[in-house]
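The residues making up each chain are set out below.
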Amino acid sequence: MTKARLHSNWTLGETDCTDDSTVSGVILPERGVNVQAQVEATVNEVVSEPREGEPENTQRRVERPVIPWPTTDRTPASEFTTPYFFTMAFPCLFSYGKSDFHINRSVTCPSLHDWAEHLLWYQDGRFARHKVWKFVVHNMIMRKRALEQSRFFVDQQLGDPHITVADLQERLARGDTFMDKLLYFGANLRGTAQYWHQRCRELRALVEFMVNEKHGLPSFFMTGSCAEFYFPPLRRLLEEYILQTKVFGVSNYWYCYEFAKSRDQIPWHQLSWREDRQPHQLLHETREDGCEEEEYAARLSQWADETFAMTALHPAGNDEEGQPRKDLWPPPEGTAEPISDDRDPLVEMLMKIAATQDAILEDHLLLVNRVGLHSCSDYCVRTPPHPEQGLQPRERLCRMEFGSEFHPGKKIHCNPEIVEGHNGAPHLEMPRDHPRVVQHSRYQLQSWRANGDVSLILSHSSPDNPSQMIS
């Protein structure tokens, strides 16, 4: 339900797609001008114009659209039942009243979701470009699902009289406080806490199944920014490609994607199993050989480099004296110039990069400078629950392990290490020469060409009988 009836102002043009200050596409009529009469006269004139190539008798049979005029009222209008709701709310999109969901939508679009997805792919793209329509429809879809798929239950003691819906409505009208006895279940509604709790249980069940089937624990965790996962055909192609080509040796995987409101992005997260059960087999053999922690980290680092091209080194490399090429680092650590638009690596596909070693290395350098350097913000810094040594009062820590608010960045080190994070879980740290480079897989970064991360999952136990996962 909306709070008021539809506005009587007609949108006469689309707003542009720039990021300027607030831009209005609604033109208010001058005082004394009968907007309704002018609009109706314009529509009649357009409809009555002869169309080139059509016989005269066909032109006479053109039906004039009858579009109700939106009115204002104190009574809320139902967006689910009001005829011509979308035509009156968005006359710039439904100019002739056709394809309105409540009146004359296509028979191939039985649901509101199917109808909205169909219009998003309309040939002129006006529905996808509109700044308001898609959010209104998405809000309606979610609220409709909440009404149809969620359930309320009343917590009662054994022997209490049965409470009917009429009883609940009467108690609400009287103002009785019994909300603590109402239980709400909405596991089918995407994005709710119940929905993600159910996905968590499904993942736990999958991990237990893979362990029981002797496939071991997941080998690595992968994540990245991915708006393309809203495109089902591309998602199916990626799934087939991963399984057919054995990318990173993956034999089984589980993934999800979500909308991160704090970043306005759609990241995806994936747990992957390798057919050879690495790196768990390697770690188990290292422990059996009685290797020290340094050798343990060195073997794991070598395997990660050979398998994923994983690195935490800046691709600028060193000069003749063995010092980092800071002239290729962006500020504040270096003096490199900002990347120009014609060299922006995010708008280039890997297949278009020249097949030479120098071109591939330069592409890696540009990508790291563009999306591979971590910059702390309110999204990642958190106040620690307990005071920590070396921190100033109210100094916040980066939950991505990139230092603190007043001391950003990671320490520089030449050898791989197994370090313990804020959550107590050890993880591999590759050799590092730059405090803000995000440890990444060069294969994933250059093929995906967006933010991403590959993290190894470590375990001390045997792959045949995994019992202790430490990262």
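Residues numbered from 1 in each chain as written. Predicted model: local features only at pLDDT ≥ 70, side-chain atom pairs only at ≥ 80, totals over all residues. Heavy atoms only, no water.

In the annotation of an unreviewed UniProt entry, the protein is listed under the name Helitron helicase-like domain-containing protein and assigned to Porites lobata.

> How should the overall build of the protein be read in this particular structure?
Along the protein, the regular secondary structure elements total 13 helices and 12 strands. Taken over 471 residues, the protein has a buried fraction of 33%. Taking contacts inside the protein between residues at least 6 apart in sequence as the whole, the part at least 24 apart equals 57%. Surface exposure of the protein reaches about 30,200 Å², of which carbon and sulfur atoms provide 52%. (Helix = DSSP H or I, 4+ residues; strand = E, 2+ residues; numbered from the N terminus. Buried < 20%, exposed > 50% of the residue type's maximum accessible area, 1.4 Å probe, protein only. Contact = heavy atoms within 4.5 Å. Areas by Shrake-Rupley, 256 points an atom, 1.4 Å probe, with all protein chains shown as cover.)

> What exactly am I supposed to notice about the environment of A304 here?
The residue A304 is located in helix α11 (residues 293-308) in this model. Sequence spacing of A304 and S441 is 137 residues, and the spatial spacing of their C-alpha atoms is 8.8 Å. Non-local contacts of A304, meaning those with residues more than four positions away in its chain, are made with A309, M310, L428 and L456.

> Mind showing me how you'd approach the pattern of salt bridges here?
Close approach of charged atoms allows side chains with opposite charge to pair. Scanning all chains against the criterion turns up 16 salt bridges. Two residues, R199 and E202, come together in a salt bridge whose shortest N-O distance is 2.8 Å. In this pair, R199 and E202 are both assigned in helix α8 (residues 193-212), 3 residues apart and thus about one turn of the helix distant. Since its relative accessible area comes to 37%, E202 is described here as partly exposed. Where E405 meets R396, a salt bridge forms, and the shortest distance between an N and an O atom there is 2.9 Å. Sharing partners across several salt bridges, the network here consists of D289, E295 and R299. (Salt bridge = Lys/Arg side-chain N within 4 Å of Asp/Glu carboxyl O.)

> Explain the packing of helix α10 (residues 280-288) against α11 here, please?
What describes two packed helices is the angle between their axes and the distance between those same axes. Look at α10 against α11: their axes get within 10 Å of each other, and the N-to-C directions meet at 155 degrees. As far as their axial angle goes, α11 and α10 are roughly antiparallel. The chirality of how α10 crosses α11 is right-handed. Contacts between α10 and α11 involve L282, L283, T286 and R287 from the first element and E293, Y296, R299, L300 and W303 from the second. (Axes fitted to C-alpha atoms, helices over the stretch in contact; angles between N-to-C directions. Parallel < 35°, antiparallel > 145°, perpendicular 65-115°, else oblique. Left-handed = near helix turned anticlockwise from the far one by under 90°.)

> Would you mind showing me how to read the packing of aromatic side chains here?
Tallying each qualifying case throughout the model produces 16 aromatic pairs. With centroids separated by 6.0 Å and ring planes inclined at 90 degrees, the aromatic side chains of Y122 and F127 adopt a geometry described as edge-to-face. Connected via pairs of aromatic rings, a cluster forms that spans F85, F86, F94, F101, W115, Y122, F127 and W133. A cation over an aromatic ring shows up here: R287 above the ring of Y296, its NZ or CZ 4.1 Å from the ring centre. (Phe/Tyr/Trp six-rings, centres within 6.5 Å; stacked < 30°, edge-to-face > 60°. Lys NZ or Arg CZ within 6 Å of the ring centre and 35° of its normal.)

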